[in-house]
Amino acid sequence: QVQLVESGGGLVQAGGSLKLSCAADGRTFSSYGMGWIRQAPGKEREFVAAISPMGSMTRYADSVKGRFTISRDATKNTLYLQMNSLKPDDTAVYYCAQSVYPLTEKSDGYNYWGQGTQVTVSS
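Cut-offs used in this document
Residues numbered from 1 in each chain as written. Predicted model: local features only at pLDDT ≥ 70, side-chain atom pairs only at ≥ 80, totals over all residues. Heavy atoms only, no water. Pairing = 2+ DSSP bridges. Helix = DSSP H or I, 4+ residues; strand = E, 2+ residues; numbered from the N terminus. Axes fitted to C-alpha atoms, helices over the stretch in contact; angles between N-to-C directions. Salt bridge = Lys/Arg side-chain N within 4 Å of Asp/Glu carboxyl O. Buried < 20%, exposed > 50% of the residue type's maximum accessible area, 1.4 Å probe, protein only. Polar contact = N/O pair within 3.5 Å; in protein donor to acceptor, adjacent residues only side chain to side chain. Contact = heavy atoms within 4.5 Å.

## Considering the sheet that holds strand 1 (residues 4–7)
- Pairing within the open sheet is antiparallel, and its 4 strands lie in the order 1-3-8-7. Looking along the sheet, the strands with just one partner apiece sit at the ends: strand 1 and strand 7 (68–73). Ignoring which end each strand starts from, the neighbouring axes of this sheet average 15 degrees apart.

Here you go:
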């Protein structure tokens, strides 16, 4: 069983920034791709960003490209999501997840999920 624990969510004004963190089980962290997926109230889960096991490749949803940056630190077993120029449409619960693939945008490609952290962007 892989444990993933997100932190860093909160309330921010439009145009502001937040940095999410995800502490992962160290036994497997560097072996798998990781991703961030979000879910807004009444909406389906939406892919945000993904990163390959060694961090050499990343992928972003068009809606966040140029504003969000995914990264990982193997020495700390931690995944990050730096979010800049936040918009009200970014309001959602953000989940960190471990992938069965090196890099995927598909939610069903993630087999371990954290509990989520709420991000609220006010206009």
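## Here's the deal with the pattern of salt bridges
- Counted according to the given criterion, the structure contains 5 salt bridges.
- Between Asp62 and Lys65 there is a salt bridge, with its nearest N and O atoms 3.1 Å apart.
- A relative accessible area of 67% means that Asp62 is categorised as exposed.
- As a salt-bridge pair, Arg67 and Asp90 come within 2.8 Å of each other at their nearest N and O atoms. Remark: Asp90 occurs in the loop between strand 8 (78–83) and strand 9 (92–99) and Arg67 occurs in the loop between strand 6 (58–60) and strand 7; sequence separation between them is 23 residues.
- Under the relative-accessibility criterion, Asp90 is labelled buried at 1%.
- One network of salt bridges, with partners in common, ties together Arg38, Glu46, Arg67 and Asp90.

## Some remarks on the side chain of Thr104
- Note on placement: Thr104 falls in the loop between strand 9 and strand 10 (110–113).
- Here the side chain of Thr104 touches Lys106 through a polar contact of 3.1 Å, landing on its backbone nitrogen.
- Apart from the residues lying within four places of it in its own chain, the contact partners of Thr104 are Phe47, Ala50, Arg59, Ser99, Gly109 and Tyr110.

## Some remarks on the environment of Glu105
- On the secondary structure map, Glu105 appears in the loop between strand 9 and strand 10.
- Judged by its relative accessible area of 40%, Glu105 is partly exposed.
- Glu105 sits 93 residues away from Val12 along the chain, and the two C-alpha atoms are 26 Å apart.
- The residues touching Glu105, leaving out its near neighbours within four places in the chain, are Phe47 and Arg59.

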